Amino acid sequence: MAKKPTFFSAFLNGLWNENPTFVLMLGMCPTLGITTAAINGVGMGLATTFVLMFSNLFISALRNIIPDKVRIPAYIIVIASFVTMIDLMMQAFLPDLRSALGTYIPLIVVNCIIFARAESYAAKNPPLASLGDGLGMGLGFTCAITFLACIRELFGSGAIFGFQIMPASYQPMAIMNQVAGGFITLGLLLAAVNALKTSMDHKRKAKEAHA
Amino acid sequence: MNVYLSMLIGYLLVNNYVMCQFFGICPFLGVSKKFDTALGMGMAVTFVITLASFITWFVQYYLLVPFHLEYMQTIAFILVIAVLVQVVENALKKLSFSLYQALGVYLPLITTNCVVLAVALNNITDGWNLLESTFCGFCSAPGFTLSLLLLAAIRERLELSNMPKWMNGFPGALITAGLMAISFMGFGGLI
């Protein structure tokens, strides 16, 4: 980025240009693991967004104090503290969602999105821009996994967010709720994104050649 | 003895952490381009998971439970794993430089491999004793290695085959992994 990063530009970058799921391919475990129902996608996404925002903010604020050699353990402690906070909060206020997401909540600690943003963004940029980056990346992740979860829930149980969409005669595809369905749905989705990008590039090139 | 045998088969095939439970997908997709690197990663992970299961058991029952600090579990375990990875890296450098060179690049990556933390957390949830948790870690890791090696071998072949351009790379790998997961479902009724 040539111009100075601001809160808003960092936010948009995370939400779209460098979407963690579809562009950076980070944080695949929760992306595939919990996306059998749309509501899980929203819950997981927002929990990750919370951790990402605050870990980015704190790591960025401490970036000149943390010695380079022990930065990884330092990041881990910051991240793990926020994960513990959101875990305890969810156990207290949203126990159903917490038990649906299971081990994946403590596993936010090892979500590579958070590490990658701490290392490649928050360690080099001022706190406010890092907060924006965390928010954008988090919401980009939330949108991507909710979208994936909607597709899987629609075919796997004929509903989205629990509302019946498919006609009653629809036979749910059990495979969509399994590990295999997750891999294949994401694979097809990425292939579609790739195909779209290639055809857009072709059109742009054709236009430029024409002009 | 029966318990251990069924654990071995269970974690290797039936409840394989990657193919049946969705843990460790990042290294599964990230380091499965070449067979040799996949083997190196698998060996490093086996080593760390086994040791981590052993140590986190002590941390849980001799540190966290007596002082009523169970809510610190996540922080304590991830710190144990991070320290362990660092120790293993330094020890290997001194003891066996050739092994260090073979595994070196993958060691730091293991800290963020969620299989390690997932195994440690699940050992506590399942209430295993010391021997069982260590054995469980020792069995889960070859399960991870097995799926990593299989995918790497298939992807090496895919490189040479004529795929549509938009299927190259990750989409192709994901669909391959999906088909592998379907075949792993066949082990379902084994134990």
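See above for the structure.
Residues numbered from 1 in each chain as written. Chains lettered and ligands numbered in written order. Predicted model: local features only at pLDDT ≥ 70, side-chain atom pairs only at ≥ 80, totals over all residues. Heavy atoms only, no water.

K.L.:
Quick question: what am I supposed to make of the overall build of chain B here?
P.N.:
The secondary structure content of chain B amounts to nine helices and zero strands. Along its sequence from the N terminus, chain B presents helices and strands in the succession α-α-α-α-α-α-α-α-α. Whereas a compact globule of 191 residues would reach a radius of gyration of roughly 16 Å, chain B reaches 18 Å, a difference of no more than 12%. Overall, chain B is about 60 × 45 × 30 Å in size when its C-alpha atoms are taken along their principal axes. Burial statistics for chain B: of 191 residues in total, 51% are counted as buried. Element-wise, carbon and sulfur atoms account for 69% of the exposed surface of chain B, whose accessible area totals about 8,900 Å². (Helix = DSSP H or I, 4+ residues; strand = E, 2+ residues; numbered from the N terminus. Rg over C-alpha atoms; globule rule 2.2 N^0.38 Å. Buried < 20%, exposed > 50% of the residue type's maximum accessible area, 1.4 Å probe, protein only. Areas by Shrake-Rupley, 256 points an atom, 1.4 Å probe, with all protein chains shown as cover.)

K.L.:
Would you mind showing me how to read the overall build of chain A here?
P.N.:
What chain A contains, in helices and strands, is eight helices and two strands. Sequence-ordered secondary structure for chain A, helices as α and strands as β, is α-α-α-α-α-α-α-β-β-α. Seen through its C-alpha atoms, chain A measures out along the principal axes to roughly 60 × 60 × 25 Å. Sequence-distant contacts, at least 24 apart, represent 73% of the contacts inside chain A between residues at least 6 apart. Summed over its atoms, the accessible surface of chain A is roughly 10,000 Å², and 69% of this surface lies on carbon and sulfur atoms. (Contact = heavy atoms within 4.5 Å.)

K.L.:
When you look at the interface of chain B and chain A in this model, what are you seeing that I'm missing?
P.N.:
Accessible area lost when the parts come together is the quantity often used to give the size of an interface. At the interface, 38 residues of chain B touch 36 residues of chain A. Between the two partners, chain B and chain A, sit zero salt bridges. Here chain B and chain A share two residue pairs in polar contact (both at pLDDT 80 or more) between them. Those elements that provide at least two residues to the side of chain B that touches chain A are α2 (25-30), α4 (73-95), α7 (114-126) and α9 (170-185) of chain B. The leading source of residues in the side of chain B that touches chain A is α9 of chain B, at ten residues. By residue class, the composition of the side of chain B that touches chain A is 29 nonpolar, eight polar and one charged. (Salt bridge = Lys/Arg side-chain N within 4 Å of Asp/Glu carboxyl O. Polar contact = N/O pair within 3.5 Å; in protein donor to acceptor, adjacent residues only side chain to side chain. Nonpolar A, V, L, I, M, F, W, Y, C, P; charged D, E, K, R; others polar.)

K.L.:
Please explain the pattern of salt bridges as it appears in this structure.
P.N.:
Between side chains of opposite charge, a pair can form as their charged atoms come close. Residue and element names in this part refer to chain A. Counted by the stated rule, this structure contains five salt bridges over all chains. A salt bridge links Glu-119 to Arg-71; the nearest nitrogen and oxygen atoms lie 2.7 Å apart. You can see Glu-119 sitting in helix α6 (residues 112-122) and its partner Arg-71 sitting in helix α4 (residues 71-93), a full 48 residues away along the chain. A relative accessible area of 30% means that Glu-119 is categorised as partly exposed. On the basis of relative accessible area, Arg-71 is assigned to the partly exposed category, the value being 24%. With a shortest N-O distance of 3.6 Å, Arg-204 and Asp-201 are connected by a salt bridge. Of this pair, Arg-204 and Asp-201 are both found in helix α8 (residues 179-210), three residues apart, which corresponds to roughly one turn of the helix.

K.L.:
What should I look at first to understand the side chain of Thr-134 of chain B in this one?
P.N.:
Residue and element names in this part refer to chain B. One can find Thr-134 in helix α8 (residues 130-160). On the basis of relative accessible area, Thr-134 is assigned to the buried category, the value being 18%. If sequence neighbours within four positions are ignored, Thr-134 has contacts with Thr-50, Ser-53 and Phe-54.

K.L.:
Explain the packing of aromatic side chains here, please?
P.N.:
The description of two aromatic rings rests on the distance between their centres and on the angle between their planes. Residue and element names in this part refer to chain B. In this structure the tally under the stated criterion is 18 aromatic pairs over all chains. Ring plane angle 10° and centroid distance 5.9 Å describe the contact between Tyr-11 and Tyr-17, whose orientation is recorded as stacked. Grouping residues by exposure puts Tyr-11 and Tyr-17 together as buried. On the basis of an interplanar angle of 50° and a centroid distance of 5.8 Å, the ring pair of Tyr-17 and Phe-23 is categorised as tilted. When its relative accessible area of 1% is taken as the criterion, Tyr-17 is described as buried. Residue Phe-23 is classed as buried on the basis of its relative accessible area of 4%. Members of the aromatic cluster, joined through ring pairs, are Phe-54, Trp-57, Phe-58, Tyr-61 and Tyr-62. (Phe/Tyr/Trp six-rings, centres within 6.5 Å; stacked < 30°, edge-to-face > 60°.)

K.L.:
What should I look at first to understand the nonpolar core in this one?
P.N.:
Soluble globular proteins tend to bury their nonpolar side chains together. Counting 106 residues, the largest nonpolar core has Phe-183 of chain A together with Ile-25, Phe-28, Phe-77, Ile-110 and Leu-117 of chain B as its most contacted members. Not counting residues up to four positions away in its chain, the partners in contact with Ile-110 of chain B are Met-41, Ala-44, Val-45, Val-48, Val-85 and Val-116 of chain B. (Core = buried A, V, L, I, M, F, W, Y, C linked by side-chain atoms within 4.5 Å.)

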